[in-house]
Amino acid sequence: MTTKSLGNPFDGDQSLIHAKHCGCHDCVGADAPAPRTGPSVSSLETAPEGSEAMLDRAIESAVVRSVFGHDDHTRRSFMKLVGSGTAAAMIGSFFPLDKAKAAVKESMGKLEKTKLKVGFVPITCATPIIMAHPLGFYEKYGLDVEVIKTAGWAVARDKSLAREYDASHMLTPMPLAMSMGAGSTPEPFIMPAVENINGQAIVLHVDHKDKRDPKQWKGFKFGVPFEYSMHNFLLRYYLAENGVDPDQDVQIRVVPPPEMVANLRAGNLDGYLSPDPFNQRAVWEKVGFIHMLTKDIWEGHPCCAFACSQQFATENPNTYTALLKAIVDATNYSQNLDNRKEISAAIAPKNYLNQPVPVIEQVLTGRYADGLGSVQNVPDRIDFDPFPWHSMGVWILTQMKRWGYIEGEVDYKGIAEQVYLASDCRKIMEELGYPAPDRTYEQYTIMGKTFDYNEPEAYINSFPIRRA
(Lines give C-alpha, C1' and ligand atoms only; values in the text may rest on other atoms or scores of the structure.)
Protein backbone atom coordinates (compact mmCIF):
# COMPACT_ATOMS: atom_id res chain seq x y z
CA MET A 1 0.00 0.00 0.00
CA THR A 2 1.33 3.42 -0.92
CA THR A 3 1.14 6.07 1.76
CA LYS A 4 -0.03 9.53 0.65
CA SER A 5 -0.07 11.31 3.98
CA LEU A 6 1.91 14.38 2.87
CA GLY A 7 -0.80 16.14 0.90
CA ASN A 8 -0.28 19.63 -0.55
CA PRO A 9 -1.86 22.00 2.02
CA PHE A 10 -2.42 24.75 -0.58
CA ASP A 11 -4.48 22.46 -2.82
CA GLY A 12 -8.20 22.98 -2.24
CA ASP A 13 -9.04 19.73 -4.00
CA GLN A 14 -6.84 17.64 -1.77
CA SER A 15 -7.89 16.49 1.71
CA LEU A 16 -5.27 16.40 4.42
CA ILE A 17 -7.42 14.14 6.58
CA HIS A 18 -7.55 10.44 5.76
CA ALA A 19 -11.12 9.45 6.34
CA LYS A 20 -13.98 7.65 4.69
CA HIS A 21 -14.48 10.14 1.87
CA CYS A 22 -11.00 11.61 1.46
CA GLY A 23 -10.47 9.87 -1.88
CA CYS A 24 -6.87 8.77 -1.41
CA HIS A 25 -5.54 5.33 -2.22
CA ASP A 26 -5.13 4.40 1.43
CA CYS A 27 -8.67 5.19 2.42
CA VAL A 28 -10.77 3.95 -0.49
CA GLY A 29 -8.68 1.06 -1.77
CA ALA A 30 -6.32 0.18 -4.55
CA ASP A 31 -8.99 0.11 -7.24
CA ALA A 32 -10.22 3.63 -6.66
CA PRO A 33 -9.40 6.35 -9.16
CA ALA A 34 -6.72 8.80 -8.18
CA PRO A 35 -8.03 11.98 -6.51
CA ARG A 36 -8.14 15.19 -8.50
CA THR A 37 -5.28 17.61 -8.04
CA GLY A 38 -5.73 21.32 -8.34
CA PRO A 39 -3.23 24.13 -8.93
CA SER A 40 -0.32 24.26 -6.51
CA VAL A 41 2.15 26.91 -5.42
CA SER A 42 4.62 24.19 -4.61
CA SER A 43 6.76 22.37 -7.12
CA LEU A 44 5.71 19.21 -5.26
CA GLU A 45 2.58 18.45 -7.24
CA THR A 46 2.31 14.94 -5.79
CA ALA A 47 3.62 13.28 -2.65
CA PRO A 48 7.11 14.71 -2.04
CA GLU A 49 10.14 12.53 -2.64
CA GLY A 50 13.26 12.67 -0.50
CA SER A 51 13.68 13.67 3.14
CA GLU A 52 14.32 17.39 2.42
CA ALA A 53 11.21 17.77 0.28
CA MET A 54 9.12 15.77 2.72
CA LEU A 55 10.20 17.92 5.64
CA ASP A 56 9.43 21.11 3.66
CA ARG A 57 5.97 19.76 2.90
CA ALA A 58 5.47 18.70 6.52
CA ILE A 59 6.27 22.20 7.79
CA GLU A 60 3.98 23.81 5.21
CA SER A 61 1.21 21.44 6.21
CA ALA A 62 1.68 22.00 9.94
CA VAL A 63 1.53 25.78 9.50
CA VAL A 64 -1.54 25.72 7.26
CA ARG A 65 -3.36 23.25 9.52
CA SER A 66 -2.65 25.50 12.49
CA VAL A 67 -3.90 28.60 10.66
CA PHE A 68 -7.22 26.88 9.99
CA GLY A 69 -7.46 25.27 13.41
CA HIS A 70 -7.18 21.77 11.91
CA ASP A 71 -10.51 22.37 10.15
CA ASP A 72 -9.82 20.80 6.76
CA HIS A 73 -13.19 21.74 5.28
CA THR A 74 -12.55 25.44 5.94
CA ARG A 75 -9.00 25.16 4.58
CA ARG A 76 -10.16 23.58 1.33
CA SER A 77 -12.98 26.09 0.87
CA PHE A 78 -10.59 28.99 1.40
CA MET A 79 -7.99 27.60 -1.01
CA LYS A 80 -10.64 27.17 -3.72
CA LEU A 81 -11.98 30.64 -3.10
CA VAL A 82 -8.74 32.66 -3.26
CA GLY A 83 -6.47 30.26 -5.14
CA SER A 84 -3.39 28.48 -3.91
CA GLY A 85 -0.92 31.19 -4.92
CA THR A 86 -2.80 33.96 -3.14
CA ALA A 87 -3.28 31.80 -0.05
CA ALA A 88 0.43 30.99 0.11
CA ALA A 89 1.33 34.66 -0.25
CA MET A 90 -1.10 35.66 2.50
CA ILE A 91 0.22 33.06 4.93
CA GLY A 92 3.79 33.89 3.99
CA SER A 93 3.18 37.55 4.77
CA PHE A 94 2.75 36.86 8.49
CA PHE A 95 4.63 33.56 8.88
CA PRO A 96 8.12 33.16 7.36
CA LEU A 97 7.90 29.62 6.00
CA ASP A 98 11.46 29.54 4.64
CA LYS A 99 12.92 30.54 8.01
CA ALA A 100 10.74 28.00 9.78
CA LYS A 101 11.93 25.23 7.47
CA ALA A 102 15.56 26.14 8.05
CA ALA A 103 15.11 26.30 11.84
CA VAL A 104 13.32 22.97 12.05
CA LYS A 105 15.90 21.20 9.91
CA GLU A 106 18.71 22.64 12.00
CA SER A 107 17.09 21.54 15.28
CA MET A 108 16.06 18.07 14.12
CA GLY A 109 19.09 16.96 12.20
CA LYS A 110 18.84 15.01 8.97
CA LEU A 111 16.35 12.17 9.18
CA GLU A 112 17.99 8.82 8.40
CA LYS A 113 14.64 7.44 7.16
CA THR A 114 11.43 9.24 6.30
CA LYS A 115 9.25 6.40 5.02
CA LEU A 116 8.31 4.19 7.95
CA LYS A 117 6.00 1.27 8.67
CA VAL A 118 4.25 1.31 12.02
CA GLY A 119 1.93 -1.52 13.02
CA PHE A 120 -1.26 -1.17 15.05
CA VAL A 121 -3.98 -3.48 16.31
CA PRO A 122 -7.39 -1.84 15.59
CA ILE A 123 -8.41 -0.81 19.11
CA THR A 124 -9.03 2.54 20.78
CA CYS A 125 -5.90 2.08 22.94
CA ALA A 126 -3.93 2.80 19.75
CA THR A 127 -5.70 6.13 19.23
CA PRO A 128 -2.56 8.34 19.19
CA ILE A 129 -0.69 6.04 16.80
CA ILE A 130 -3.69 5.84 14.47
CA MET A 131 -4.94 9.44 14.57
CA ALA A 132 -1.42 10.76 14.02
CA HIS A 133 -1.87 9.58 10.42
CA PRO A 134 -5.14 11.26 9.32
CA LEU A 135 -4.60 14.34 11.49
CA GLY A 136 -1.09 15.01 10.24
CA PHE A 137 1.11 14.49 13.30
CA TYR A 138 3.63 12.29 11.50
CA GLU A 139 4.02 14.69 8.62
CA LYS A 140 4.42 17.55 11.10
CA TYR A 141 7.79 16.00 11.95
CA GLY A 142 8.83 15.21 8.40
CA LEU A 143 7.74 11.54 8.37
CA ASP A 144 5.78 9.58 5.79
CA VAL A 145 4.33 6.81 7.95
CA GLU A 146 2.34 3.85 6.73
CA VAL A 147 0.19 2.68 9.62
CA ILE A 148 -0.52 -0.99 9.10
CA LYS A 149 -3.56 -2.72 10.57
CA THR A 150 -2.42 -5.90 12.31
CA ALA A 151 -4.57 -8.90 13.23
CA GLY A 152 -3.27 -9.44 16.75
CA TRP A 153 -0.40 -9.16 19.17
CA ALA A 154 1.52 -12.25 18.17
CA VAL A 155 1.60 -10.90 14.61
CA ALA A 156 2.70 -7.45 15.83
CA ARG A 157 5.49 -9.03 17.87
CA ASP A 158 6.70 -11.31 15.08
CA LYS A 159 6.65 -8.58 12.42
CA SER A 160 8.55 -6.28 14.78
CA LEU A 161 11.16 -8.95 15.49
CA ALA A 162 11.48 -9.62 11.74
CA ARG A 163 11.99 -5.86 11.09
CA GLU A 164 8.92 -5.74 8.86
CA TYR A 165 7.77 -2.90 11.12
CA ASP A 166 10.02 -0.02 12.07
CA ALA A 167 7.96 0.48 15.23
CA SER A 168 4.66 -0.75 16.56
CA HIS A 169 1.74 -0.31 18.87
CA MET A 170 2.34 -2.87 21.63
CA LEU A 171 0.92 -3.89 24.98
CA THR A 172 3.00 -2.50 27.86
CA PRO A 173 4.19 -5.98 29.00
CA MET A 174 5.36 -6.96 25.49
CA PRO A 175 8.68 -5.03 25.26
CA LEU A 176 9.59 -6.40 28.70
CA ALA A 177 8.80 -9.96 27.64
CA MET A 178 10.54 -9.61 24.25
CA SER A 179 13.68 -8.17 25.85
CA MET A 180 13.77 -11.06 28.33
CA GLY A 181 12.95 -13.75 25.77
CA ALA A 182 9.65 -14.67 27.42
CA GLY A 183 7.44 -16.15 24.71
CA SER A 184 9.91 -15.34 21.93
CA THR A 185 13.61 -15.16 21.17
CA PRO A 186 15.25 -12.42 23.29
CA GLU A 187 15.68 -9.12 21.47
CA PRO A 188 16.28 -5.72 23.11
CA PHE A 189 13.13 -3.63 22.65
CA ILE A 190 12.44 -0.22 24.10
CA MET A 191 9.23 1.50 25.11
CA PRO A 192 9.68 5.29 25.21
CA ALA A 193 5.98 6.09 25.47
CA VAL A 194 2.76 4.73 26.92
CA GLU A 195 -0.27 5.27 24.71
CA ASN A 196 -3.29 4.98 26.97
CA ILE A 197 -4.19 4.57 30.60
CA ASN A 198 -7.45 2.92 31.72
CA GLY A 199 -9.65 2.10 28.72
CA GLN A 200 -10.52 -1.58 29.22
CA ALA A 201 -13.47 -3.42 30.73
CA ILE A 202 -14.74 -6.79 31.88
CA VAL A 203 -17.66 -7.81 29.68
CA LEU A 204 -20.02 -10.69 30.39
CA HIS A 205 -22.58 -12.38 28.14
CA VAL A 206 -26.10 -11.01 28.55
CA ASP A 207 -27.16 -14.41 29.93
CA HIS A 208 -25.02 -13.74 33.00
CA LYS A 209 -26.70 -10.59 34.29
CA ASP A 210 -27.61 -12.51 37.43
CA LYS A 211 -23.95 -13.46 38.05
CA ARG A 212 -22.30 -10.21 39.13
CA ASP A 213 -20.35 -11.87 41.96
CA PRO A 214 -17.04 -13.27 40.60
CA LYS A 215 -17.39 -16.21 42.97
CA GLN A 216 -20.21 -17.33 40.65
CA TRP A 217 -17.81 -17.45 37.68
CA LYS A 218 -16.14 -20.78 38.41
CA GLY A 219 -16.20 -22.79 35.20
CA PHE A 220 -16.43 -19.69 33.02
CA LYS A 221 -14.41 -19.27 29.83
CA PHE A 222 -12.76 -15.84 29.52
CA GLY A 223 -10.96 -14.18 26.63
CA VAL A 224 -7.90 -11.94 26.79
CA PRO A 225 -6.08 -10.51 23.75
CA PHE A 226 -2.58 -11.84 24.58
CA GLU A 227 -0.77 -13.63 27.39
CA TYR A 228 1.67 -10.75 27.88
CA SER A 229 -1.04 -8.14 28.29
CA MET A 230 -2.40 -5.92 31.02
CA HIS A 231 -5.75 -7.52 30.21
CA ASN A 232 -4.49 -10.94 31.27
CA PHE A 233 -2.77 -9.63 34.39
CA LEU A 234 -5.69 -7.41 35.47
CA LEU A 235 -8.20 -10.22 34.93
CA ARG A 236 -6.04 -12.63 36.92
CA TYR A 237 -5.59 -10.04 39.68
CA TYR A 238 -9.34 -9.35 39.89
CA LEU A 239 -10.28 -13.03 39.92
CA ALA A 240 -7.68 -13.96 42.54
CA GLU A 241 -8.68 -11.06 44.82
CA ASN A 242 -12.18 -12.51 44.71
CA GLY A 243 -10.96 -16.00 45.61
CA VAL A 244 -11.07 -17.43 42.07
CA ASP A 245 -7.90 -19.18 40.88
CA PRO A 246 -7.42 -18.05 37.25
CA ASP A 247 -5.63 -21.28 36.33
CA GLN A 248 -7.80 -23.76 38.26
CA ASP A 249 -11.32 -22.34 38.48
CA VAL A 250 -11.78 -20.74 35.03
CA GLN A 251 -10.34 -20.98 31.53
CA ILE A 252 -8.50 -17.99 30.09
CA ARG A 253 -8.08 -18.09 26.32
CA VAL A 254 -6.18 -15.80 23.97
CA VAL A 255 -8.60 -14.30 21.44
CA PRO A 256 -7.70 -11.50 18.99
CA PRO A 257 -9.70 -8.37 19.92
CA PRO A 258 -11.71 -8.23 16.65
CA GLU A 259 -12.96 -11.77 17.33
CA MET A 260 -14.12 -11.15 20.91
CA VAL A 261 -17.74 -10.22 20.16
CA ALA A 262 -18.29 -13.11 17.74
CA ASN A 263 -16.96 -15.59 20.28
CA LEU A 264 -19.17 -14.11 22.98
CA ARG A 265 -22.22 -14.36 20.73
CA ALA A 266 -21.41 -17.96 19.77
CA GLY A 267 -21.09 -18.99 23.42
CA ASN A 268 -17.40 -19.80 23.11
CA LEU A 269 -16.76 -17.23 25.84
CA ASP A 270 -18.72 -16.31 28.94
CA GLY A 271 -16.88 -13.03 29.13
CA TYR A 272 -13.66 -11.21 28.39
CA LEU A 273 -11.35 -8.49 29.54
CA SER A 274 -10.70 -6.74 26.29
CA PRO A 275 -9.63 -3.46 24.77
CA ASP A 276 -12.28 -1.22 23.31
CA PRO A 277 -14.17 -0.67 21.11
CA PHE A 278 -15.05 -4.35 21.53
CA ASN A 279 -16.47 -3.93 25.01
CA GLN A 280 -18.80 -1.24 23.75
CA ARG A 281 -19.43 -3.17 20.54
CA ALA A 282 -20.79 -6.10 22.62
CA VAL A 283 -23.30 -3.69 24.17
CA TRP A 284 -24.07 -2.16 20.76
CA GLU A 285 -24.89 -5.62 19.41
CA LYS A 286 -26.83 -6.57 22.56
CA VAL A 287 -24.75 -9.68 23.28
CA GLY A 288 -22.88 -8.44 26.34
CA PHE A 289 -22.86 -5.94 29.19
CA ILE A 290 -20.08 -4.05 30.95
CA HIS A 291 -19.52 -5.64 34.35
CA MET A 292 -16.69 -3.30 35.34
CA LEU A 293 -14.28 -0.78 33.90
CA THR A 294 -10.64 -1.65 34.59
CA LYS A 295 -10.10 1.85 36.00
CA ASP A 296 -12.14 0.57 38.96
CA ILE A 297 -9.56 -2.17 39.50
CA TRP A 298 -6.54 0.15 39.17
CA GLU A 299 -7.16 3.82 38.49
CA GLY A 300 -4.64 5.07 35.93
CA HIS A 301 -3.24 1.69 34.96
CA PRO A 302 -1.19 1.53 31.74
CA CYS A 303 -2.32 -0.56 28.81
CA CYS A 304 -0.86 0.02 25.36
CA ALA A 305 2.35 1.64 24.25
CA PHE A 306 4.63 2.71 21.43
CA ALA A 307 7.72 0.51 21.06
CA CYS A 308 10.57 -0.28 18.71
CA SER A 309 13.76 -2.27 18.68
CA GLN A 310 16.85 -0.85 20.33
CA GLN A 311 18.55 -1.35 16.98
CA PHE A 312 16.11 0.95 15.17
CA ALA A 313 16.63 3.74 17.71
CA THR A 314 20.43 3.35 17.65
CA GLU A 315 20.76 3.25 13.86
CA ASN A 316 18.22 6.03 13.22
CA PRO A 317 18.50 8.45 16.15
CA ASN A 318 17.02 11.49 14.38
CA THR A 319 14.17 9.49 12.86
CA TYR A 320 13.50 7.84 16.22
CA THR A 321 13.33 11.26 17.89
CA ALA A 322 10.99 12.65 15.21
CA LEU A 323 8.72 9.61 15.49
CA LEU A 324 8.62 9.84 19.28
CA LYS A 325 7.78 13.55 19.03
CA ALA A 326 4.87 12.75 16.72
CA ILE A 327 3.57 10.10 19.15
CA VAL A 328 3.92 12.26 22.27
CA ASP A 329 2.31 15.21 20.48
CA ALA A 330 -0.60 13.06 19.26
CA THR A 331 -1.02 11.53 22.72
CA ASN A 332 -1.29 14.98 24.26
CA TYR A 333 -3.87 15.97 21.63
CA SER A 334 -5.85 12.80 22.43
CA GLN A 335 -5.74 13.68 26.13
CA ASN A 336 -7.95 16.73 25.53
CA LEU A 337 -11.61 15.72 25.87
CA ASP A 338 -12.59 18.52 23.49
CA ASN A 339 -10.80 16.66 20.68
CA ARG A 340 -12.36 13.25 21.26
CA LYS A 341 -15.30 13.55 18.83
CA GLU A 342 -13.03 14.75 16.02
CA ILE A 343 -10.66 11.87 16.75
CA SER A 344 -13.54 9.35 16.83
CA ALA A 345 -14.52 10.32 13.29
CA ALA A 346 -10.90 10.29 12.10
CA ILE A 347 -10.13 6.75 13.32
CA ALA A 348 -13.48 5.13 12.45
CA PRO A 349 -12.89 4.30 8.72
CA LYS A 350 -12.19 0.85 7.36
CA ASN A 351 -8.43 1.31 7.11
CA TYR A 352 -8.29 2.15 10.84
CA LEU A 353 -10.82 0.77 13.36
CA ASN A 354 -13.64 -0.03 10.93
CA GLN A 355 -16.27 0.73 13.58
CA PRO A 356 -19.40 2.90 13.80
CA VAL A 357 -18.49 6.40 14.99
CA PRO A 358 -21.07 6.30 17.85
CA VAL A 359 -19.38 3.19 19.28
CA ILE A 360 -15.98 4.91 19.31
CA GLU A 361 -17.44 8.13 20.70
CA GLN A 362 -18.96 6.26 23.64
CA VAL A 363 -15.50 4.97 24.50
CA LEU A 364 -13.51 8.17 23.97
CA THR A 365 -16.02 10.59 25.53
CA GLY A 366 -16.97 8.26 28.39
CA ARG A 367 -20.72 8.70 27.93
CA TYR A 368 -21.88 5.18 27.18
CA ALA A 369 -24.63 2.59 27.48
CA ASP A 370 -23.57 -0.16 29.90
CA GLY A 371 -25.87 -2.91 28.60
CA LEU A 372 -27.71 -2.98 31.92
CA GLY A 373 -30.23 -0.31 31.01
CA SER A 374 -28.24 2.72 32.13
CA VAL A 375 -26.16 5.41 30.47
CA GLN A 376 -22.92 6.12 32.33
CA ASN A 377 -20.82 9.28 32.21
CA VAL A 378 -17.15 8.51 32.97
CA PRO A 379 -14.93 11.04 31.13
CA ASP A 380 -11.75 9.18 32.10
CA ARG A 381 -13.02 5.79 31.00
CA ILE A 382 -9.98 6.00 28.73
CA ASP A 383 -7.22 8.56 28.95
CA PHE A 384 -3.89 9.19 27.28
CA ASP A 385 -0.59 9.85 29.03
CA PRO A 386 2.75 9.05 27.36
CA PHE A 387 5.02 8.85 30.42
CA PRO A 388 6.38 5.30 30.95
CA TRP A 389 6.74 5.04 34.72
CA HIS A 390 9.42 2.58 35.78
CA SER A 391 7.17 1.53 38.66
CA MET A 392 4.59 0.36 36.11
CA GLY A 393 7.24 -1.87 34.58
CA VAL A 394 8.16 -3.30 37.98
CA TRP A 395 4.49 -4.08 38.73
CA ILE A 396 4.07 -5.87 35.41
CA LEU A 397 7.20 -7.93 36.07
CA THR A 398 5.82 -8.96 39.47
CA GLN A 399 2.70 -10.32 37.79
CA MET A 400 4.73 -12.13 35.15
CA LYS A 401 6.68 -13.76 37.99
CA ARG A 402 3.54 -14.37 40.08
CA TRP A 403 1.84 -16.38 37.34
CA GLY A 404 4.90 -18.28 36.11
CA TYR A 405 5.61 -16.40 32.88
CA ILE A 406 9.17 -15.75 34.08
CA GLU A 407 11.20 -17.67 36.63
CA GLY A 408 14.29 -17.29 38.81
CA GLU A 409 15.83 -14.09 40.06
CA VAL A 410 14.54 -10.95 38.35
CA ASP A 411 16.28 -7.57 38.30
CA TYR A 412 12.95 -5.74 38.45
CA LYS A 413 14.20 -2.16 38.44
CA GLY A 414 17.09 -2.86 36.09
CA ILE A 415 14.84 -4.39 33.43
CA ALA A 416 12.15 -1.72 33.82
CA GLU A 417 14.71 1.07 33.43
CA GLN A 418 16.35 -0.62 30.43
CA VAL A 419 13.07 -1.03 28.54
CA TYR A 420 10.86 1.86 29.68
CA LEU A 421 12.77 4.92 28.48
CA ALA A 422 11.29 7.54 30.77
CA SER A 423 14.19 9.94 30.17
CA ASP A 424 13.54 9.99 26.41
CA CYS A 425 9.85 10.65 26.97
CA ARG A 426 10.49 13.36 29.55
CA LYS A 427 12.93 15.13 27.22
CA ILE A 428 10.41 15.16 24.36
CA MET A 429 7.55 16.26 26.61
CA GLU A 430 9.61 19.18 27.87
CA GLU A 431 10.73 20.15 24.35
CA LEU A 432 7.09 20.21 23.23
CA GLY A 433 6.07 22.29 26.24
CA TYR A 434 4.10 19.59 28.05
CA PRO A 435 4.42 19.00 31.81
CA ALA A 436 6.56 15.96 32.64
CA PRO A 437 7.06 14.11 35.95
CA ASP A 438 10.35 14.75 37.74
CA ARG A 439 10.57 11.16 39.03
CA THR A 440 10.04 7.72 37.50
CA TYR A 441 8.68 5.66 40.41
CA GLU A 442 5.45 5.91 42.35
CA GLN A 443 3.39 3.63 44.57
CA TYR A 444 -0.01 2.26 43.52
CA THR A 445 -3.08 1.04 45.35
CA ILE A 446 -4.84 -1.75 43.45
CA MET A 447 -8.10 -3.08 44.87
CA GLY A 448 -7.09 -1.71 48.26
CA LYS A 449 -3.65 -3.33 48.27
CA THR A 450 -0.54 -1.14 48.22
CA PHE A 451 2.26 -1.92 45.77
CA ASP A 452 5.72 -0.95 46.98
CA TYR A 453 8.11 -0.95 44.02
CA ASN A 454 11.03 -1.36 46.41
CA GLU A 455 9.76 -4.76 47.63
CA PRO A 456 8.65 -6.69 44.51
CA GLU A 457 9.32 -10.19 45.88
CA ALA A 458 7.51 -9.45 49.14
CA TYR A 459 4.59 -8.15 47.08
CA ILE A 460 4.41 -11.40 45.08
CA ASN A 461 4.64 -13.54 48.22
CA SER A 462 1.81 -11.58 49.85
CA PHE A 463 -0.75 -13.12 47.50
CA PRO A 464 -2.29 -16.43 48.62
CA ILE A 465 -3.19 -17.33 45.02
CA ARG A 466 -0.09 -17.45 42.81
CA ARG A 467 2.13 -19.86 40.90
CA ALA A 468 5.53 -18.51 42.01
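Everything quoted here is computed from the prediction, not taken from an experiment.

**So, a nonpolar patch on the surface**
Taken together, the side chains of Val67, Phe94 and Phe95 present a nonpolar region at the surface, about 270 Å² in accessible area. Residue classification places Phe94 among the exposed residues on the basis of a relative accessible area of 53%.

**Some details on unusual backbone geometry**
With glycine set apart, most residues show a phi of negative sign, and most peptide bonds adopt trans. In this chain, Asp276 is followed by Pro277 through a cis amide linkage whose omega measures 15°. In the Ramachandran plot, Arg163 falls in the positive-phi region, its phi being about 65° despite a non-glycine side chain. By secondary structure assignment, the location of Arg163 is in the loop between helix 8 (153-161) and strand 3 (167-171). Accessibility expressed as a relative area gives 34% for Arg163, which makes it partly exposed. Despite not being glycine, Lys286 has its phi angle at roughly 60°, a positive value. Within the secondary structure, Lys286 sits in the loop between helix 12 (278-284) and strand 10 (288-293). On the accessibility criterion, Lys286 (67% relative accessible area) is exposed.

**What about the nonpolar core?**
If you look at the biggest cluster of nonpolar residues, it comprises 133 residues, and the most contacted ones within it are Tyr138, Trp153, Tyr272, Leu323, Trp395 and Met400. Ranked by residue count, the leading element in this core is helix 14 (residues 317-335), at nine residues. What Tyr272 contacts, discounting residues up to four positions off in sequence, is Ala201, Ile202, Val203, Phe222, Gly223, Met260, Val261, Leu264, Phe278, Asn279 and Ala282. Core analysis: the next-biggest nonpolar cluster, separate from the first, contains ten residues, Phe10, Val63, Ala87 and Leu97 among them.

Each value, and the rule that gives it
Residues numbered from 1 in each chain as written. Predicted model: local features only at pLDDT ≥ 70, side-chain atom pairs only at ≥ 80, totals over all residues. Heavy atoms only, no water. Patch = residues over 30% accessible without salt bridge, like charges linked within 9 Å, V, L, I, M, F, W, Y side chains within 5 Å. Areas by Shrake-Rupley, 256 points an atom, 1.4 Å probe, with all protein chains shown as cover. Salt bridge = Lys/Arg side-chain N within 4 Å of Asp/Glu carboxyl O. Buried < 20%, exposed > 50% of the residue type's maximum accessible area, 1.4 Å probe, protein only. Helix = DSSP H or I, 4+ residues; strand = E, 2+ residues; numbered from the N terminus. Core = buried A, V, L, I, M, F, W, Y, C linked by side-chain atoms within 4.5 Å. Contact = heavy atoms within 4.5 Å.

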